[in-house]
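# Close look at the chain arrangement
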Amino acid sequence: MKRITNYHSHIALCGHAEGTVEDYIQEAIRNHYEEVGISDHAPIPSEWMPFSTYQYLWLDQMMTLQDFNEKYLPELEMCIKKYPMIHILKGLEIEYVPHHLDYYDMLRRKLDYFNLGIHYFQSENNIVSTYDHISNQNMIDYVQTLEEAIKTGLFTTFVHPDLYLLCVQNFTSFHEQLARKIIELCIKYQVYLEVNANGKGKYPKEEFWKIVKEYPDALILIGSDAHRIQDFHGKQVKDAISFAEKLGLNIQERMKLKPWK
Ligand SMILES: [Zn+2]
Ligand SMILES: [Zn+2]
């Protein structure tokens, strides 16, 4: 499969990635890509949670709303003008924190799309990190968060949907039921499921994607989730393509944008 698009990559603004928008666009052009969306981690207001939680989730290092308006958007606009040979989309990877729709709307109006990533979510009166050993109840709440998020119509793609399985050794019928719920929600709301190339061997989870394969209507994209320039079109991406091809997944070449207001 020749790769000509990518809708998931990060820049140095998030505090744990390298490079500028322009660096990624130049790498995309070098590799003959036709359409690229940049989707750095969105600014999340610190008032939304206790500061210790905010720090635990690295949110204090990520771009602020001021960075978004004064650095991120202008850099994207500059590249759109400077590189007309490639179609550049303005995106963000963002979490779903309920009760803040005005804030999401304000960001989304300035962009082409949102990637939904659930790296943390509300569960049992706490904010839980998806990278920790999460309980079965936490996993149910991960899917509940997806359901609430997806109903808003804000999101185009659910990135690394299999992240809830990060620490799962034995994939059981419980995990399978959750996988089916995730896939069925994404189909119902026409949201793409992303095979994420940046899982360092922990995802994509084969058990999850074998189930996706059973659903011919599922929309699937491969995302590089690059945090370094060399990961944009590197070995991980080739491995993700091989993974998808081996399972016979029907990968969409281009992401169709969802209109928003
Ligand atoms: Zn990141
Ligand atoms: Zn990402």
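So, a few notes on the structure that sits alongside this text. Just so you know, these numbers come straight off a predicted model, no measurement behind them. Just so you know, the residues in each chain are numbered from 1, in the order the chain's sequence is written. Whichever chain is written first becomes A and whichever ligand is written first becomes 1, with later ones labelled in order. It should be noted that, the model being predicted, local features are given only for residues of pLDDT at least 70 and side-chain atom pairs only at 80 or more, the latter also being counted only at that level, while totals for whole chains, interfaces and linings use all residues. Side-chain metrics rest on all non-hydrogen atoms present in the structure, leaving aside hydrogens and water.

### Comments concerning the packing of aromatic side chains
Two aromatic rings from Phe, Tyr or Trp, using only the six-membered ring of Trp, form a pair when their centres are within 6.5 Å; if the ring planes differ by under 30 degrees the pair is stacked, by over 60 it is edge-to-face, and anything between is tilted. On inspection of all chains with the given rule, the structure shows 17 aromatic pairs. Between Trp 48 and Tyr 103 the ring centres are 5.0 Å apart and the planes differ by 75 degrees, which places this aromatic pair in the edge-to-face class. Here Trp 48, found in the loop between β2 (35–41) and α2 (51–56), pairs with Tyr 103, found in helix α4 (residues 101–108); they are 55 residues apart in sequence, far enough to count as distant. For the pair Trp 48 and Tyr 103, a shared accessibility class is recorded, and that class is buried. Each ring, one from Tyr 96 and one from Tyr 104, has its centre 5.7 Å from the other, and the planes form 40 degrees; the classification is tilted. We count a stretch as a helix when DSSP gives it H or I for four or more residues in a row; a strand needs E for two or more, and each element gets its number in order from the N terminus. Accessibility here uses a 1.4 Å probe with only protein chains present; expressed as a share of the type maximum, an area under 20% marks a residue as buried, one over 50% as exposed, and anything in between as partly exposed.

### Considering the coordination of the zinc ion (ligand 2)
Tetrahedral coordination by four donors puts the ideal angle at the metal at 109.5 degrees, and octahedral coordination by six puts it at 90 or 180 degrees. Note on donors: an N, O or S atom is included if it sits within 2.8 Å of the metal, or within 3.2 Å for Na, K and Ca, and water is never included, so sites can look incomplete. Bound to the zinc ion (ligand 2) on the protein side are His 8 (NE2), His 10 (NE2), Glu 93 (OE) and Asp 225 (OD), at distances that span 2.0 to 2.3 Å. A site with four donors is called tetrahedral when every donor-metal-donor angle falls between 85 and 135 degrees; four donors are called square planar, and six octahedral, when opposite donors sit more than 155 degrees apart and all other angles fall between 65 and 115; any other arrangement is irregular. Angles of 82 to 167 degrees at the metal separate the four donor atoms of the zinc ion (ligand 2), which places the site in the irregular class. Each donor residue of the zinc ion (ligand 2) belongs to the same chain, with the gaps between them written as H-x1-H-x82-E-x131-D. Here the zinc ion (ligand 2) and the zinc ion (ligand 1) are spaced 4.7 Å apart. Here Glu 93, found in strand β3 (residues 87–94), pairs with Asp 225, found in the loop between β9 (220–223) and α8 (235–247); they are 132 residues apart in sequence, far enough to count as distant. For the pair Glu 93 and Asp 225, a shared accessibility class is recorded, and that class is buried.

### A word on the pattern of salt bridges
If the charged atoms of two oppositely charged side chains come close together, the side chains can form a pair. When a carboxyl oxygen of Asp or Glu is within 4 Å of a side-chain nitrogen of Lys or Arg, the pair counts as a salt bridge. Applying the stated criterion across every chain, the model contains 14 salt bridges. With its nearest N and O atoms 3.8 Å apart, the salt bridge here joins Lys 151 to Glu 147. With a gap of four residues between them, Lys 151 and Glu 147 both fall in helix α5 (residues 136–151), about one helical turn apart. The partner of Asp 239 in a salt bridge is Lys 235, with the nearest N and O atoms 2.7 Å apart.

### Notes on the nonpolar core
Among the buried residues, those of types Ala, Val, Leu, Ile, Met, Phe, Trp, Tyr and Cys that are joined through side-chain atoms within 4.5 Å form a nonpolar core. Residues Tyr 164 and Trp 209 are the most contacted members of the largest nonpolar core, which totals 88 residues. In this view, Tyr 164 contacts Thr 130, Ile 134, Met 139, Tyr 142, His 175, Leu 178, Ala 179, Ile 182 and Phe 208; residues no more than four positions away in its chain are not counted. Grouped together as the second largest cluster of nonpolar side chains are seven residues, Tyr 7, Tyr 192, Leu 221 and Met 255 included. Residues count as neighbours in contact if any of their non-hydrogen atoms are within 4.5 Å of one another.

Just geometry here; none of it tells us what the structure is for.
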